[in-house]
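Residues per chain are reported as follows:
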Amino acid sequence: MLDGRPLIDAHTHPARLPTLKAAWRGWAAEFGDAAVLDRVFDSDGTPIPERFVELLDTEGVDIALMLCEYSPKTTGIQPIEDLLPLTAHAPRRLRAVANINPHYHFPVAEELERQLGLGAVALKLHPVHGGFAADDRALYPAYEVCRSRGVPVVVHCGTSSFPGSTNSYADPALLDAVLRDFPTLNVVLAHGGRGWWYDAAAFLALSRDNVWIELSGLPPRRLPEYYGRYDFARLSRRFIFGTDWPGVPGIAANARAVAALCPDEGTAALVLAGNAIRVYGLDVPE
């Protein structure tokens with residue numbers, strides 16, 4: 001709980017550092033808190049479950065969604081297996097999110113089923129780092145698995161500075177065919193169109209009940225500017241809180257700043273936890 005409200009961080013990366021390229025480690029050091037990293041990771045660069053939970057306690061986080069990633073061209077391989085010691089330590093508070101790369105996995109549906117079997121609560125796609133478009137037909141079997149099982153899909157929709165990134169694949173408009181063909185699928189736009197696509201992300205979120213904007217990597221104070229062409233009070237009810245930890249100096253500070261932007265307490269409760277509970281099917285621990 002943070003200031004009496006449940007808090008879910010829907011976008012964290014407690015990855016094993018040896019599996020990642022130097023650019024990722026540099027990003028974490030530049031935008032994160034070095035003292036926190038030294039405390040949470042052991043000398044080999046592996047996150048210590050107890051210390052990660054202690055960090056969440058300090059920041060007021062009830063549940064953290066943890067992302068794996070298979071992007072050998074850009075950030076490296078962050079296998080879902082590396083998250084299992086964390087989920088085993090605190091299975092109700094630490095939840096894994098699956099990841100599929102059609103250039104790395106085949107058949108994609110089989111791999112997704114495997115990762116869901118390990119406890120993943122959602123599928124994350126990273127077109128920018130993986131080098132594929134969100135409407136690539138090779139992904140359709142994975143979308144069908146998610147549709148049939150009621151599992152949400154998180155899609156990276158924002159620029160990335162990592163070497164090897166293909167930022168043209170960040171355009172939320174590439175999801176138009178997917179949303180047409182899977183009209184009941186919950187789709188979460190991670191980073192909310194960061195860069196050139198804030199309008200596209202906002203339009204999709206306001207025009208479709210199954211599209212959400214996830215705030216990771218976005219400075220809270222600039223959200224009204226980024227979405228200035230839209231009714232911010234209405235749009236904010238479509239937000240899901242996330243930070244992109246460890247690339248953020250403080251989870252609680254971001255959460256308080258986001259809550260302060262909300263037009264009322266009900267909206268703040270939705271953004272900080274309520275929408276994530278609904279979309280990801282979570283149950284906040286007592």
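Please refer to the structure placed before this passage.
Residues numbered from 1 in each chain as written. Predicted model: local features only at pLDDT ≥ 70, side-chain atom pairs only at ≥ 80, totals over all residues. Heavy atoms only, no water.

(A) A look at the packing of aromatic side chains. Under the definition given, this model contains 11 aromatic pairs. Here the aromatic rings of Trp-196 and Trp-197 are separated by 4.9 Å at their centres, their planes lie at 75°, and the arrangement is edge-to-face. What makes Trp-196 exposed here is its relative accessible area of 64%. Taking the relative accessible area as the measure of exposure, Trp-197 reaches 10% and is therefore buried. Their ring planes at 85° and their centres at 5.5 Å tell us that Tyr-198 and Tyr-227 sit as a pair that is edge-to-face. With Tyr-198 in helix α9 (residues 198-207) and Tyr-227 in the loop between α10 (223-226) and α11 (232-236), this residue pair connects regions lying 29 residues apart in the sequence. Here a set of aromatic residues connected by ring pairs shows up, and it is made of Tyr-198, Tyr-226, Tyr-227, Phe-232 and Phe-239. Residue placement shows Arg-137 over the ring face of Tyr-140; its charged tip is 4.4 Å from the ring centre. Here the basic side chain of Arg-238 rests over the ring of Trp-212, its NZ or CZ set 3.8 Å away from the ring centre. (Phe/Tyr/Trp six-rings, centres within 6.5 Å; stacked < 30°, edge-to-face > 60°. Buried < 20%, exposed > 50% of the residue type's maximum accessible area, 1.4 Å probe, protein only. Helix = DSSP H or I, 4+ residues; strand = E, 2+ residues; numbered from the N terminus. Lys NZ or Arg CZ within 6 Å of the ring centre and 35° of its normal.)

(B) Focus on the sheet that holds strand β2 (residues 63-67). Reading across the sheet, the eight strands line up as β1-β2-β5-β6-β7-β8-β9-β10 and stay open at both edges, with parallel pairing between neighbours. Whereas interior strands pair on both sides, the edge strands pair on one side only; in this sheet they are β1 (8-12) and β10 (239-240). Sheet topology note: the strand β7 (residues 153-158)/strand β8 (residues 187-194) ladder contains five bridges and is parallel. In the strand pairing of β8, Gly-158 is matched with Arg-194. In the packing of helix α3 (residues 49-59) onto the sheet, contacts are made with β1, β2 and β5 (94-99), and the angle to β5 comes to roughly 110°. (Pairing = 2+ DSSP bridges. Contact = heavy atoms within 4.5 Å. Axes fitted to C-alpha atoms, helices over the stretch in contact; angles between N-to-C directions.)

(C) Layout of unusual backbone geometry. Between Phe-106 and Pro-107 the backbone carries a cis peptide bond, its omega angle lying at -5°. Along the chain, Trp-245 connects to Pro-246 via a cis peptide bond; the corresponding omega equals 15°. As for its placement among the helices and strands, Pro-246 is situated in the loop between β10 and α12 (251-261). Positive phi is not limited to glycine here, since His-191 has a value of about 75°. Within the element layout of this structure, His-191 appears in strand β8. Phi is positive for Asp-244, which is not a glycine, with a value near 75°.

(D) Just the pairing of β5, in detail. When you tally the buried positions in β5, you get five out of six residues, the bulk of the element. Where β2 lies against β5, four bridges are found, and the strand directions are parallel. When the bridges of β5 are listed, Leu-65 appears paired with Arg-95. Where β5 and strand β6 (residues 123-125) come together, two bridges link them in parallel fashion. Bridge pairing links Asn-99 to Lys-124 in β6.

(E) Examining the pattern of salt bridges more closely. Per the stated rule, a full pass over the model turns up 14 salt bridges. Across the pair Arg-256 and Asp-3 runs a salt bridge whose closest N-O atoms are separated by 2.8 Å. Of this pair, Arg-256 sits in helix α12 while Asp-3 sits in the segment before β1; the two residues are 253 residues apart in sequence, bridging distant segments of the chain. Given a relative accessible area of 43%, Arg-256 falls into the partly exposed group. Asp-176 serves as the salt-bridge partner of Arg-208, at 3.9 Å between the closest nitrogen and oxygen. Of this pair, Arg-208 sits in the loop between α9 and β9 (211-214) while Asp-176 sits in helix α8 (residues 176-181); the two residues are 32 residues apart in sequence, bridging distant segments of the chain. Its relative accessible area of 25% is what places Arg-208 among the partly exposed residues. Exposure remark for Asp-176: the relative accessible area of 44% places this residue in the partly exposed category. Each member of the salt-bridge network shares a partner with another, and the members are Glu-81, Glu-111 and Arg-114. (Salt bridge = Lys/Arg side-chain N within 4 Å of Asp/Glu carboxyl O.)

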